[in-house]
Amino acid sequence: MPGYSTNEWMKLIKTEPIDVEICDVTLRDGEQTPGVSFTKEEKMDIARTLDEIGVEIIEAGFPITSNGEKESVKAVCNMGLNAKISCLARAIKPDIDAVIDCGADMVGIFIGTSDLHLTYKHKKTQEEAIECMVTATEYAKKHGLIVRFAAEDSTRTGPDFLKRFYQAGEACGADYVNIADTVGIMTPSTMKYLVGEVRHMVNIPVCVHCHDDLGLAVANTMAAAEAGAKQLHTCVNGIGERAGNASLEEVLMGLKIHYGVDRYDTSLLKGLSEMVIKYSGIPVARNKAVVGQNAFAHESGIHIAALLENDRTYELFSPEIVGGNREFILGKHSGSKALCYMARQMGITLSKAETDIVLEEIKRMSESKRSLRREELAELITLLLSKESASTTQA
Ligand SMILES: CC(=O)SCCNC(=O)CCNC(=O)[C@H](O)C(C)(C)COP(=O)(O)OP(=O)(O)OC[C@H]1O[C@@H](n2cnc3c(N)ncnc32)[C@H](O)[C@@H]1OP(=O)(O)O
Ligand SMILES: O=C(O)CCC(=O)C(=O)O
C-alpha cells in the first residue's frame, strides 16, 4: 500500500507518461510577495531543504535588485547543492553581469511580449523586444549560462508573435522557452492547448510559470505537465506576487498521486512550509491543501468512525507522506466511536450510557462556541461521571 489512493480515471484518459523537473522560485517570485525579504541565512536554509526534497532547480533570486540580494544569491550558489541554481535577469547586460558574478548555473531572461507590456512598459516594437532578448541570450551563453528565454505575459500575447519570439530564442541558443502566465489568466484546457502549440513551434524544452489570480495555478501547472512541459515553476505555500504562484507541495503531491512521479522526498514538505511561514511572516490558511493545520484534522463522527477502520476512507494520502499529523477534534459533529476512541487513548473505557452523557455535553459546549481541547477531555469525563454517580446514589 503506497499510503495514498491512485486516481483510476487517469488510466481511462490515457495520458502520456510525464517527464518534468521542478524549478522552485520561492526565493525569487516568493520573495516578491509584498513585505517579504529573506536574509542570506534564511535563503540558505530554504535552499538546503529544497535540495533535500530533490528539487532540480532553485531560483535563488534576482541579483540586480540590491547588494544584499547579490550576496545572498552568491551564498546559495556556493552551497554545493545538487540542484542547479538559477537567477532572474531583465534583457539587459547589467542584470546578466550580476548573475554571472554570483556564479549561478542558469539565468531566466525575460521581456514582456503582450501588446500591453510592449506599449506601456517597454515602449518597444515586437522586433525590438526580440533583438534585446537575442543580444542578452547570446551574451549569457558566451558566459556559460543555461538560458531560459521567457515571454513575460505570454498568455496575453498573440500566437504569431509568440511563435516568432520563441523561434528566435531557439535560434540564438537558448536552452528553454518559458510560458509565463503572469496574471494567471489561463485555464487547464487553454494551458494544455498552448503548451501543445509551443511544443510544435520549437524543439527545446518548455517551462511554465503560473500565477494564482483565479486560483488555478496548480491546475494549470498540472495541465501543462500533461501537455509535455518540462520545467514547472513552484513556490512553497504558493507565495509570490499578488495571489501567488503554483504551490510546491500541491504540485509535488499531484505529480505523485496522478502521474506516479515518486522521486521527491515529500516528507520534508510540512517542515519546509513551517520554515517559510516563519521566514516570510505569511501564514497559510488552516484548510490549505497538503500543509494546512486542517489538512488531516477530522471532527465529523461518520468520517472518524470510518477512518478508524481504514485511513484511506477520508484521507487521500497519509499525513506521514508530507511530514504531517492526523488529528481528531471533538465537537458538535462528533459521534460515539470518535469519543470512545479518544477516551480509550487516555486509558478510559466508557459504557454506552456514559458515552451518551459525555457526547451530549460536548455538543452542548460546542454549540455555544466552546471547543474542547484534547487535554480537557479526561477532566470533563471525570466531572460528568462523578456528578452522574452522585445523583444515582442520592436517588
Ligand atoms: C514578472 C516578474 O516578476 S519581473 C520581476 C519583478 N521583480 C522586481 O521588480 C523586483 C526587483 N526590482 C528592483 O529592485 C528594481 O525594480 C530594479 C533594480 C530591477 C530596477 O530598478 P530601477 O532601475 O529603479 O527601475 P524601475 O523599477 O523604476 O523600472 C523598471 C525598469 O526596468 C525596465 N524593464 C522592465 N522589464 C524589463 C526587461 N524585461 N528587460 C529590460 N528592461 C526591463 C523598465 O522598462 C524600466 O525601465 P526604465 O527605468 O528605463 O523606465
Ligand atoms: O521568466 C520567468 O521565469 C519569470 C516570469 C515571472 O515571474 C512572471 O511572469 O510572473
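Please read these numbers as outputs of a predicted model, since none were measured by experiment.

(A) Up close: the overall build of the protein chain. When helices and strands are counted, the protein chain shows 15 helices and 10 strands. Overall, the protein chain is about 95 × 50 × 40 Å in size when its C-alpha atoms are taken along their principal axes. For the protein chain, the proportion of its 395 residues judged to be buried stands at 52%. Restricting the contact set of the protein chain to residue pairs at least 6 apart, pairs at least 24 apart contribute 71%. Carbon and sulfur atoms make up 52% of the accessible area of the protein chain, which totals about 18300 Å². Of the charged side chains in the protein chain, 43 are positive and 56 negative, and the gap between their average positions amounts to 1 Å.

(B) Local environment of the UniProt feature "domain: Pyruvate carboxyltransferase" (unreviewed entry) in the protein chain. Those places that UniProt annotates as "domain: Pyruvate carboxyltransferase" (unreviewed entry) correspond, in this numbering, to residues 20-270. Here residues 20-270 is 44% helix and 18% strand, with 22 Å between the C-alpha atoms at its ends.

(C) Representation of the pattern of salt bridges. Enumeration over the complete set of coordinates arrives at 28 salt bridges. Residue Asp-97 is joined to Lys-93 by a salt bridge in which the shortest nitrogen-to-oxygen separation is 3.3 Å. Placement of both Asp-97 and Lys-93 in helix α4 (residues 93-102) is noted, with a separation of four residues, approximately one turn of the helix. Classification of Lys-93 as partly exposed rests on a relative accessible area of 46%. Between Arg-164 and Glu-127 there is a salt bridge, with the nearest N and O atoms lying 2.1 Å from each other. Here the residue Arg-164 occupies a position in helix α7 (residues 159-171), and Glu-127 occupies one in helix α6 (residues 126-142), the gap between them amounting to 37 residues.

(D) The packing of helix α2 (residues 40-53) against helix α11 (residues 269-280), seen in detail. Running from amino to carboxyl end, α2 crosses α11 at an angle of 165 degrees, the nearest separation of the two axes being 11 Å. Comparing their axes, α11 and α2 come out roughly antiparallel. Viewed along their axes, α2 and α11 form a crossing whose handedness is left-handed. Touching Glu-42, Asp-45, Ile-46, Thr-49, Leu-50 and Ile-53 of α2 are Leu-269, Leu-272, Met-275, Val-276 and Tyr-279, all from α11.

(E) Looking closely at the domain arrangement of the protein chain. In terms of domains, the protein chain is made up of domain 1 (14-280) and domain 2 (297-393). The gap between the C-alpha centroids of domain 1 and domain 2 is 46 Å. Across the contact, seven residues belong to domain 1 and seven residues belong to domain 2. The junction of domain 1 with domain 2 conceals about 500 Å² of combined surface from both sides, 73% of it contributed by carbon and sulfur atoms.

What counts, and where the lines are drawn
Residues numbered from 1 in each chain as written. Chains lettered and ligands numbered in written order. Predicted model: local features only at pLDDT ≥ 70, side-chain atom pairs only at ≥ 80, totals over all residues. Heavy atoms only, no water. Helix = DSSP H or I, 4+ residues; strand = E, 2+ residues; numbered from the N terminus. Buried < 20%, exposed > 50% of the residue type's maximum accessible area, 1.4 Å probe, protein only. Contact = heavy atoms within 4.5 Å. Areas by Shrake-Rupley, 256 points an atom, 1.4 Å probe, with all protein chains shown as cover. Lys, Arg positive; Asp, Glu negative; His and termini not counted. Charge placed at Lys NZ, Arg CZ, Asp CG, Glu CD. UniProt positions renumbered as here; feature names shortened; annotations may be inferred. Salt bridge = Lys/Arg side-chain N within 4 Å of Asp/Glu carboxyl O. Axes fitted to C-alpha atoms, helices over the stretch in contact; angles between N-to-C directions. Parallel < 35°, antiparallel > 145°, perpendicular 65-115°, else oblique. Left-handed = near helix turned anticlockwise from the far one by under 90°. Domains from an automatic or database assignment. Buried area = accessible area lost by both parts, 1.4 Å probe.

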